[in-house]
Amino acid sequence: MSAATDTAAIRPFQVDIPDEVVDDLRRRIAATRWPEREPVDDQSQGVQLATIQALARYWETEYDFGRLEARLNAFPQFMTEIDGLDIHFIHVRSPQDDALPLIITHGWPGSIVEMLNVVGPLADPTAHGGSAEDAFHVVIPSMPGYGFSAKPDETGWDVPHIARAWAELMNRLGYTRYVAQGGDWGALITEVMGAQAPEGLIGIHTNMPGALPPEVSKVIASNVLGAGDPAPTDLADEEQRSYDRLSFFFTKGIGYALEMGNRPQTLYGLADSPIALAAWMLDHDIWSLEDISPAFVDGRPVGNLTRDEVLDNVTLYWLTNTGVSSSRLYWENKLGFFDFKGVTVPTAVSAFPNDIFHATRAWAEQAYPNLIYFNGLDRGNHFAAWQEPELFTTEVRTGLRSLR
């Protein structure tokens, strides 16, 4: 067997979490040195002490550490080497032989955990109240430096590189006709795939569209840099709301991305303290934090963002020590998160109302010359598949149905 064949091999993978690693995690949680309570009565200074202490208590004393391993091992998992890097992925073939292959990409601070509750409904819709005609063969890779994928030891694993790797992965799995889906980083990767238009990719679905017109993006960027360009005056009401929300995020909520984009290696606390890691991940954006906090403080999750779901994700980051390695993608990135990407393939867009950026149909029509579907939903936030798995599943099925 040639070296090339060995490199392209697809190897089965199972998660195995040693007891001593869990014991060490519990000890570290218990040994946390806490700061004083924040001097405000809201989340304007970040994750509140009451929230993170409630998380710590539950994580140390009640959370089932066998849960994550069992959930992941319930799915077929694999490893394959692409461009010298081991890539971990879930691959579930549908019982429907003619199902449409679909590659779904997660984001930060998410992981494949975000997608676990949509795999079954997407792959086997008849078992979940759907139609056999909507079935997908589902592929969910962990991005480089995330989860069980290897951590790059040299630069160059940026969004376009990952997009090319995903096309290679689908080709390696034997899929000559497929679609792609993503949110957060997954949206950038999916849209860049849609711009690269590799052979076999027939369309994409995004729940974080890069549909911010260049003239609006320029104004927001100038405000982030302190130039203070005047706000656009010709926006429709819905466009104005989208502009205001995104402006707020970029001026008040982008600090984590700036740090990771400039100095990711400085974040040693993410590798040393599980509570530092958890707080950093919870504070992705103020609207998601508002949805996640009640699950720990009051025991009442918003949608599917339960304590266990959130801690499955944080625990995965801790066990794989990927707090820093996952941050480096921000350093690698040269693309505007919400800017047009030059997508040419058919595109479906689902706009969830509590996301960072709520694209309008008019803006989506500018960004995607082949827009085949657009829907603005009435609930759901940045973590669409995770928080509202039923809605997300319906959107993916409906948005991509015309491509079958």
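Residues numbered from 1 in each chain as written. Predicted model: local features only at pLDDT ≥ 70, side-chain atom pairs only at ≥ 80, totals over all residues. Heavy atoms only, no water.

**Digging into the overall build of the protein chain**
Put simply, the test is: The helix count covers DSSP runs of H or I at least four residues long, the strand count covers runs of E at least two residues long, and both are numbered beginning at the N terminus. Atoms counted for the radius of gyration: C-alpha only. Globule rule: 2.2 Å times the number of residues to the power 0.38. Partly exposed describes any residue whose relative accessible area lies between the buried limit of under 20% and the exposed limit of over 50%, with all areas from a 1.4 Å probe on protein chains only and scaled to the type maximum.
Within the protein chain one finds 18 helices and nine strands. Over its C-alpha trace the protein chain gives a radius of gyration of 21 Å, about what one expects of a compact globule, namely 22 Å for 404 residues. In terms of principal-axis extent, the alpha carbons of the protein chain reach across some 60 × 55 × 45 Å. Counting only residues that meet the buried cut, the protein chain has 56% of its 404 residues in that class.

**Quick word on the nonpolar core**
Soluble globular proteins: nonpolar side chains tend toward being buried together. Let me state the cut-off plainly: Working definition of a nonpolar core: buried Ala, Val, Leu, Ile, Met, Phe, Trp, Tyr and Cys residues. They are joined through side-chain atoms within 4.5 Å. Whether two residues are in contact is decided by their heavy atoms, any of which lying within 4.5 Å being enough.
Residues Trp59 and Trp185 are the most contacted members of the largest nonpolar core, which totals 127 residues. For this core, the leading source of residues is helix α6 (residues 159-172), giving eight residues. Dropping the residues within four chain positions of it, Trp185 is found in contact with His106, Gly107, Trp108, Met143, Tyr146, Val159, Leu329, Tyr330, Asn333 and Phe337.

**Quick word on the environment of Glu199**
The residue Glu199 is located in the loop between α7 (185-196) and β7 (201-206) in this model. In the structure, Glu199 is positioned 22 residues away from Arg177 in sequence and 8.0 Å away in space, judged by C-alpha atoms.

**Remarks on helix α12 (residues 274-282)**
Rule in force here: Directions pointing from the helix axis toward each C-beta atom define the arc.
Along α12, the residues that are buried comprise Pro274, Ile275, Leu277, Ala278, Met281 and Leu282. Angularly, the buried residues of α12 cover 160 degrees about the axis, an arc narrow enough to put them on a single face. Turning to α12, the residues buried within the fold contact α2 (19-30), α3 (49-61), α11 (269-272), α13 (286-297), α14 (307-320) and α15 (323-332).

**Here we look at the packing of aromatic side chains**
To describe a pair of aromatic rings, you give the distance between the ring centres and the angle between the ring planes. The criterion, for reference: Working definition: a ring pair exists when centres of Phe, Tyr or Trp rings (six-membered ring for Trp) sit within 6.5 Å. Plane angles under 30 degrees give stacked, over 60 give edge-to-face, the rest tilted. Put simply, a charge is over a ring when the Lys NZ or the Arg CZ is close to the ring centre, within 6 Å, and near the line of the ring normal, within 35 degrees.
Evaluation of the coordinates by the stated rule reveals 18 aromatic pairs. Ring centres 4.9 Å apart and planes at 85 degrees place the aromatic pair Tyr63 and Phe65 in the edge-to-face group. Summarising the burial analysis for this pair, Tyr63 and Phe65 share the class buried. Directly above the aromatic system of Phe136 lies the positively charged group of Arg404, at a separation of 4.4 Å from the ring centroid.

**A look at unusual backbone geometry**
Geometrically, the link from Trp108 to Pro109 is a cis peptide bond, its omega value of 0 degrees lying close to zero. Relative to the helices and strands, Pro109 is located in the loop between β4 (100-105) and α5 (116-123). Despite not being glycine, Asp83 shows a phi value in the positive range, around 50 degrees. When you line up the elements, Asp83 lands in the loop between β2 (77-82) and β3 (85-92). Residue Asp83 is classed as exposed on the basis of its relative accessible area of 55%. The residue Asp184 is not glycine, and still its phi comes out positive at about 55 degrees. Relative accessible area serves as the criterion here: at 7%, Asp184 is assigned to the buried category.

**Looking at the pattern of salt bridges**
For side chains bearing opposite charge, pairing can occur when the charged atoms are close. Defined as follows: Here, a salt bridge means any side-chain nitrogen of Lys or Arg that lies within 4 Å of a carboxyl oxygen of Asp or Glu.
Taken as a whole, this structure holds 13 salt bridges when the rule is applied. Close ionic contact of Asp272 with Arg28 constitutes a salt bridge, the shortest N to O distance being 3.4 Å. Of this pair, Asp272 sits in helix α11 while Arg28 sits in helix α2, and the two are 244 residues apart along the sequence. Arg28 sits in the partly exposed class, given a relative accessible area of 31%. Notably, a salt bridge pairs Asp134 with Arg401, separated by 2.8 Å at the nearest N-O pair. Here the residue Asp134 occupies a position in the loop between α5 and β5 (136-141), and Arg401 occupies one in the segment after α18 (389-400), the gap between them amounting to 267 residues. Residue classification places Asp134 among the buried positions, given a relative accessible area of 7%. In the salt-bridge network here, residues are joined through shared partners; they are Asp24, Arg27, Arg28 and Asp272.

**Describing the packing of α2 against α3**
Put simply, the rule reads: For every element, the axis is a line fit to its C-alpha atoms; helices are fit only across the contacting stretch, and the angle between N-to-C directions ranges from 0 to 180 degrees. For classification, angles of less than 35 degrees are called roughly parallel, those exceeding 145 degrees roughly antiparallel, those between 65 and 115 degrees roughly perpendicular, and all remaining angles oblique. Each crossing gets its hand from how the near helix is turned against the far one by less than a right angle, where anticlockwise is left-handed and clockwise is right-handed. Residues are sorted three ways: Asp, Glu, Lys and Arg are charged, Ala, Val, Leu, Ile, Met, Phe, Trp, Tyr, Cys and Pro are nonpolar, and all the rest, Gly among them, are polar.
In the contact formed by α2 and α3, the axes pass within 9 Å of each other and the chain directions differ by 150 degrees. Judged on the interaxial angle alone, α3 and α2 are roughly antiparallel. Crossing of α2 against α3: the hand is left-handed. Where α2 abuts α3, its residues Leu25, Arg26, Ile29 and Ala30 lie against Ala56, Trp59 and Glu60. For the contact of α2 with α3, the residue count by class is five nonpolar, no polar and two charged.

**Considering helix α4 (residues 66-73)**
Listing the buried residues of α4 in full gives Leu68, Arg71 and Leu72. Seen from one end, α4 has its buried residues packed into an arc of 95 degrees, which puts them on one side. Considering only its buried residues, α4 is in contact with β2, α5 and α14.

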